[in-house]
Amino acid sequence: MFETIEDAPAGWYPVASTQEVGTAPTLLPRFGTRLVAWRGPQGVVIGVDACPHRGASLALGRVRDGRLVCPFHAFAFDAHGACMHMPDVAAPAPGLRMRTFPCHEAGGLLWMWAGAGAPRGLPGFFEWLPADARTTLVAEDWEAPFDLVVENQLDHLHLHAVHPDTVGRGVVPTAPVKVLPEEDRVRVWFSDSTDARSAFAEYRFPALWGTKVGTTLALTIGFAPISATRTRLYLQGHRGFARAPGLAALVDQGIRRFHRKVLSQDRPIVESQVHAPRAADRLFRSDAAIRWFRERLTHAVKTPTSEDAAAAGAPRAHA
Ligand code: FES
Ligand SMILES: [Fe+2]
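Predicted model, so just to flag it, every value in this text is computed and none were measured.

For the rest of this paragraph, the subject is the domain arrangement of the protein. Taken domain by domain, the protein consists of domain 1 (13-114) and domain 2 (134-298). The straight-line distance from the C-alpha centre of domain 1 to that of domain 2 is 32 Å. In this assembly, 15 residues from domain 1 lie in contact with 14 residues from domain 2. Looking only at domain 1, the three residues that lose the most surface to domain 2 are Tyr13, Pro14 and Arg30, adding up to 43% of its buried area.

In structure tokens:
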């Protein structure tokens, strides 16, 4: 997956935290592609980091008067990617545009729409997070493909084995678990009951997972594909307690330390998974959510490539 941006199943992906993108252009390697993001007067803009004139990195440029200025010949691009200024003629360059993508900030993250079609709705966080929560963030890059990183979150049986002293403490592997898939999401209930007080994990295709630990505590992970073999995790803790100034910063620190420890327990295992193709895996009852995910991936809508179009006898799209 994610040799190129066209490989992405259509959907919203968290590609950065809001703090990562400022008013200077920022290079974001995502989906096996160099992207550039910058914060203009109307919000964040994200596009391919290659000037459509002669391919220079726009991340080396600067933002002036709300436009991204290429470092090579100073062509200037607006928030829609249109070239509004060529220095030698002091006029726009008709038809010259950098490729940009729909994006939206929500929940402390910058979301980008990738894949076929127009964005469907807006990226939304889970409605079951604690109200007025204070949020902590830990971001980490793993040397593992996007699908393996997602599958690790859908894999409840590893909790007791990998996290005996953290999030798997007291987890009994024989305890009942309910896996309830829907069209674009799957919920894993950690008990026989599915009432509002029970703990569960939920994954929303393609790039958001979370778990409700209690009414005042939840954890979410946004998955950002960097390349075919590398994925960034944005792990956020959401809590409805210890929010008072002074105390809050101390509790934030402790939570971040705890979350880093949890990730350090998962990471070497996930990076060690060697089955390729995944079909070599032997899946069991406990892997029901993973089975659902793989099925969902095969039905994911992809951007048709020019080869697909040619194979279907359709006219080739303009590059
Ligand atoms: S390469 Fe960007 S302006 Fe020429
Ligand atoms: Fe884990």
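Back to the text.
With that settled, consider the environment of Tyr203. Inspection of the secondary structure assignment puts Tyr203 in strand S15 (residues 200-204). Sequence separation between Tyr203 and Met86 is 117 residues; the distance between their C-alpha atoms is 46 Å. Once you skip the residues sitting within four places of it in the chain, Tyr203 turns out to touch Val150, Leu154, Asp184, Arg185, Val186, Leu208, Trp209, Trp292 and Phe293. A distance of 2.7 Å separates the side chain of Tyr203 from the backbone oxygen of Pro206, its partner in a polar contact.

Looking now at the coordination of the iron ion (ligand 2). Donor atoms from the polypeptide that coordinate the iron ion (ligand 2) comprise His158 (NE2), His163 (NE2), Asp266 (OD) and Asp266 (OD), at 2.0 to 2.6 Å from the metal. The site at the iron ion (ligand 2) holds 4 donor atoms, and with the angles between them running 56 to 150°, its shape is irregular. Along the chain, the residues that donate to the iron ion (ligand 2) are spaced as H-x4-H-x102-D. Of this pair, His163 sits in the loop between helix H2 (159-162) and strand S13 (178-181) while Asp266 sits in helix H3 (residues 247-272), placing them 103 residues apart in sequence. By the burial criterion, His163 is buried, and Asp266 matches it.

Definitions and cut-offs
Residues numbered from 1 in each chain as written. Chains lettered and ligands numbered in written order. Predicted model: local features only at pLDDT ≥ 70, side-chain atom pairs only at ≥ 80, totals over all residues. Heavy atoms only, no water. Domains from an automatic or database assignment. Contact = heavy atoms within 4.5 Å. Buried area = accessible area lost by both parts, 1.4 Å probe. Helix = DSSP H or I, 4+ residues; strand = E, 2+ residues; numbered from the N terminus. Polar contact = N/O pair within 3.5 Å; in protein donor to acceptor, adjacent residues only side chain to side chain. Donors = N, O, S within 2.8 Å, 3.2 Å for Na, K, Ca; no water. Tetrahedral: all angles 85-135°; square planar, octahedral: opposite > 155°, others 65-115°. Buried < 20%, exposed > 50% of the residue type's maximum accessible area, 1.4 Å probe, protein only.

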